[in-house]
Amino acid sequence: MSFTHIVMFKWKDESFDARPVAEALQAAVAGVDGVQSYVCGPDVNFSPGSVDFAVVGTFDDRDSFVAYRDLPEHQRIIKEMINPNLESRTVAQLES
């Protein structure tokens, strides 16, 4: 049963350049087994009211997601790059 993790962020400062966050997350997830697909990045501002940044990762199962979630590099990115700039965060997780 696959496990999809969706997380959306609003930044404190609209001018925050989140491209380095996306690059760091992509590099971190590259070494994780059980990743079916992973996309993340700044919103393209096509629709009014959208969030600033999103991550959608689909994993083989919950255990694969937990391996990604608990990865020291992932935790470093959250602590050093995301949390200091974060206004709000919304998460959804799906199994199929």
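Keep in mind it's a predicted model, so treat the numbers as computed, not measured. (Residues numbered from 1 in each chain as written. Predicted model: local features only at pLDDT ≥ 70, side-chain atom pairs only at ≥ 80, totals over all residues. Heavy atoms only, no water.)

Asker: So what's going on with the packing of aromatic side chains? Which residues, and what values?
Answerer: Per the counting criterion, the structure on display carries nine aromatic pairs. Relative to Phe53, the ring of Phe9 lies with its centre 5.8 Å away and its plane at 35 degrees, an arrangement referred to as tilted. In this pair, Phe9 is assigned in strand E1 (residues 3-11) and Phe53 in strand E3 (residues 53-59), connecting sequence segments 44 residues apart. Overall, Phe9 belongs to the buried group, its relative accessible area being 5%. (Phe/Tyr/Trp six-rings, centres within 6.5 Å; stacked < 30°, edge-to-face > 60°. Helix = DSSP H or I, 4+ residues; strand = E, 2+ residues; numbered from the N terminus. Buried < 20%, exposed > 50% of the residue type's maximum accessible area, 1.4 Å probe, protein only.)

Asker: Describe a negative patch on the surface, naming the residues involved and giving the relevant values.
Answerer: On the surface, Asp33, Asp60, Asp61 and Asp63 cluster together to form a negatively charged patch. Along the polypeptide, Asp33 turns up in the loop between helix H1 (19-29) and strand E2 (35-42). A relative accessible area of 69% means that Asp33 is categorised as exposed. (Patch = residues over 30% accessible without salt bridge, like charges linked within 9 Å, V, L, I, M, F, W, Y side chains within 5 Å. Areas by Shrake-Rupley, 256 points an atom, 1.4 Å probe, with all protein chains shown as cover. Salt bridge = Lys/Arg side-chain N within 4 Å of Asp/Glu carboxyl O. Lys, Arg positive; Asp, Glu negative; His and termini not counted. Charge placed at Lys NZ, Arg CZ, Asp CG, Glu CD.)

Asker: Could you give an account of the pattern of salt bridges, naming the residues involved and the relevant values?
Answerer: Should the charged atoms of two oppositely charged side chains come close, the side chains can pair. Under the defined criterion, the tally for this structure stands at six salt bridges. We note a salt bridge from Asp52 to Lys10, for which the minimum N-O separation is 3.9 Å. With Asp52 in the loop between E2 and E3 and Lys10 in strand E1, this residue pair connects regions lying 42 residues apart in the sequence. A relative accessible area of 18% places Asp52 in the buried class.

Asker: Which residues make up the pairing of E3, and what are the values?
Answerer: Burial analysis of E3 places five of its seven residues in the buried class, the great majority of the element. As paired strands, E1 and E3 are joined by seven bridges and run antiparallel to one another. Looking at E3, one finds that Phe9 is bridged to Phe53. As defined by bridge partners, E2 adjoins E3 across seven bridges and the pair is classed as antiparallel. (Pairing = 2+ DSSP bridges.)

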